[in-house]
Structures are given as C-alpha cells and as structure tokens.
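Remarks on the overall topology
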Amino acid sequence: SPGGTPKPPSPKNAPAMPSVDLFLGPLIQCAEAATLGMPFEVWKTRMGRFRQEGTLEAFANIYKQGGVKAFWAGTGPKMIESGSKGMILMYAKEGINDNLRRAGVGPTLAGVLAGAGGGIAQVSVMGPCTYLVTGAVNNPGVPLTRRIAETYARGGLKAFYPGGTAIAFRQATNWASRQGFTEFIRHRMKVALHGDQNARLTKAQEVGAGVIGGTLACWNHPFEVARIEAQTLGNMGKPVGGMVTVMRDIVRVDGVGGLFRGIVPRVGLGIWQTLFMVTGAKLIKDELQKREWIAVPEVQVASPHEPKIDPKKNKDQ
C-alpha cells in the first residue's frame, strides 16, 4: 500500500545488476554512433584539433577531404569502442542507479552518481579507441594497422592512453551531467506539465527532457578539447603533458576560446547520445517491463528513474 513499508527487493525478481543491460548497451550505443554520432564526432574532433577553423569551415574541409564518407572516418575502431563502452556504461550506470534508488536516493542525485560511475568505468576501453579515431580524423592517410603497430612500438599499451586523465574527467562529467540534468528536467516537467512528481511523461516529453539534458551537459567541453589535443600529439609521437599542461598550452596559443572550439557539433553529439543512452535506454526498459519481459523491482521505484508503479495496474492502463 502507498503508506506501507516497501517490500524488500527479491533477488529473483530484481537483480542488483540486470544482465539485460549487457545486451542493450552495445546495441543502443552502436546505433547511436552509426547514425549521426560519427559525423558529429568527426566534426567535433577536427575543430578541437584545428582550432583556427570556424564551425562551417571545418564542416566544409571535412567534406573536401573525402566527401560524405569522410564524416565516418574511423568507423571501425569507433564501432569496437561503442559496443564495449555501451555495454560497460549501461551495466554500471543502470546498476548503480537501481541500487541508489532502492536505497532511497532521489532521481537527480542518483543519476549524477550513476552517470559518473558508468563514465569512469568506460575509460578502460575508450582510451585506445578514441586515440585511433582521433588519428584517423586528423591524419587520414595512415592505415589503421600501421597506426596500431607504430603506436605500440613507440611505448607499448601505455602509448594508447595519452590524455587518459582528460578522458576520465570528460566521461565522468559527461554521463553524470547527461543523466543528472535529464532526470532533473524530467522531474520539473512532471510537476509543471502534470502537477504530479509521480506522473508519467509522454514519449515526446521524454525526448524533450533528453534534448535539454544533453545540451546542458556540454559545459565540460574544455576536457574534450584537451583530450583531442593530447591524443593528436600522441599520434604524432610528440610528448604529452598532463591535462592542466595541455589546457594551459591551448589557452596560450588560442586563448580561452580555444577550449570551446567545436562546441556546436559537441552539443549535437551530446543531444544525440543522451537521446540514445539515457532517454532511449529508459523508454526501452520501461517497454520491456510493461510487457513483463524483464522484472520490475518491487521497491520504491519501478525502473531506474520512476517512482513506484504497480506493474499489473500499469498494464491495464
């Protein structure tokens, strides 16, 4: 009953870390990257490296470099990255979020902590993959196998992780912000549009919350510019300093504005990724729970993001 004590979670019905996330993560993240994710990534990466180019100028130069295909440069390593990081992100993020919500943590704070945990967990696979994608975008004439061989000869596995600190900061703040901002906006929209914090948003409203959350999450763009610069230097075989050193060098050459080059495609990418990995993941899992293909936790929330809902009652609506 609403006023009673919630039943404790059943290990059978509500696993602490649902294995379905291991399958959903790679599928959703690869779909995101294969569509508009890669063009935004390539556009953003070029602007982060060639910081003297304007937004439209960078777009045109990519097209001149290889036509439409140039916007999907580095797709091979990107698909490997997307599959592996999508699996890690969904499993860690959703598992942390579920358990925090069970413990009574509010949706916004749970989203921030879960997003940060999932983002940090991604770094192990993202370092080498983003390194290879950055190299493919900024120096497209080098075959992938040659780039891997030269990098390994230069410094072993460690050579694939230049800018690792910047990646860790970016990923932690990326998903903490995307998940947290989206949950905050969702809560506000429920109250403003439906007068009830426990209301269900329509799919269009969920998408709107994801767009706003993905946009606000781009406040951390300087970490991304530092990551691109560090990985570009690594691809060129040049010494790479720490994150603060890289940022200081960028400001010295290009001013503070240099840390925000590529913000337009980054906003596009942030929105696209949020719609897939936050909003899309939630809608898919809600639908699977509605069809009773996966379990609904018998606790305070029926999904990682919603207040408790009676699955049988909801099914009849």
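The structure this text deals with has already been given above.
Residues numbered from 1 in each chain as written. Predicted model: local features only at pLDDT ≥ 70, side-chain atom pairs only at ≥ 80, totals over all residues. Heavy atoms only, no water.

Things to note about the packing of aromatic side chains
Applying the stated rule across the entire model yields five aromatic pairs. Considering the side-chain rings of tyrosine 131 and phenylalanine 160, the 5.8 Å spacing of their centres and the 75 degrees angle between planes classify their relative orientation as edge-to-face. Taken together, the positions of tyrosine 131 in helix H4 (residues 107–138) and phenylalanine 160 in the loop between helix H5 (144–155) and helix H6 (164–194) put the pair 29 residues apart, joining distant regions of the chain. The exposure classification of tyrosine 131 matches that of phenylalanine 160, with both residues buried. Put simply, the rings of Trp43, Phe59 and Phe71 touch in pairs and so form one group of aromatic residues. (Phe/Tyr/Trp six-rings, centres within 6.5 Å; stacked < 30°, edge-to-face > 60°. Helix = DSSP H or I, 4+ residues; strand = E, 2+ residues; numbered from the N terminus. Buried < 20%, exposed > 50% of the residue type's maximum accessible area, 1.4 Å probe, protein only.)

Details of helix H10 (residues 263–290)
Given a rise of 1.5 Å per residue, 28 residues ought to cover 40 Å, and the 38 Å separating the end C-alpha atoms of H10 matches this to within 8%. Of all the bends in H10, the greatest, near 40 degrees, is centred on glycine 280. One or two steps after H10, the chain reaches glutamate 292, where phi turns positive at roughly 60 degrees. (Expected span 1.5 Å × (residues − 1). Bend = angle between axes of the 7 residues up to and from the residue.)

Digging into the side chain of glutamine 122
Of note, glutamine 122 is situated in helix H4. Using a relative accessible area of 0% as the deciding quantity, one classes glutamine 122 as buried. Within the local environment of glutamine 122, its side chain forms a polar contact with the side chain of tryptophan 175, the two groups lying 3.3 Å apart. Filtering out sequence-adjacent residues up to four positions away, glutamine 122 remains in contact with Gln29, Lys85, Ile88, Leu89, Gln171 and Trp175. (Polar contact = N/O pair within 3.5 Å; in protein donor to acceptor, adjacent residues only side chain to side chain. Contact = heavy atoms within 4.5 Å.)

Structural notes on a nonpolar patch on the surface
A contiguous nonpolar patch, built from Phe181, Ile212, Leu216 and Trp219 and spanning about 360 Å² of accessible area, is present on the exposed surface. Assignment of secondary structure puts isoleucine 212 in helix H7 (residues 203–216). (Patch = residues over 30% accessible without salt bridge, like charges linked within 9 Å, V, L, I, M, F, W, Y side chains within 5 Å. Areas by Shrake-Rupley, 256 points an atom, 1.4 Å probe, with all protein chains shown as cover. Salt bridge = Lys/Arg side-chain N within 4 Å of Asp/Glu carboxyl O.)

Comments concerning H5
The terminal C-alpha atoms of H5 lie 17 Å apart, and with twelve residues this matches the ideal 16 Å at 1.5 Å per residue to within 8%. A positive phi of about 70 degrees marks glycine 156, the residue just after H5.

Side note on the pattern of salt bridges
A side chain with one charge may pair with a side chain of the opposite charge, provided their charged atoms come close. Tallying each qualifying case throughout the model produces 23 salt bridges. Of the charged contacts, one joins lysine 44 and glutamate 224 as a salt bridge, the two residues approaching to 2.4 Å between their closest N and O atoms. On the criterion of sequence distance, the pair formed by lysine 44 in helix H1 (residues 20–49) and glutamate 224 in helix H8 (residues 221–235) is long-range, its members being 180 residues apart. With respect to burial, lysine 44 and glutamate 224 carry one shared label: buried. A salt bridge links arginine 51 to aspartate 254, with the shortest nitrogen-to-oxygen separation between them at 2.6 Å. Of the two residues, arginine 51 is situated in the loop between H1 and helix H2 (55–66) and aspartate 254 in helix H9 (residues 243–254); the sequence distance between them amounts to 203 residues. Within the structure, one salt-bridge network assembled from shared partners comprises Glu41, Lys44, Lys78, Glu81, Lys85, Arg170, Glu224 and Arg227.

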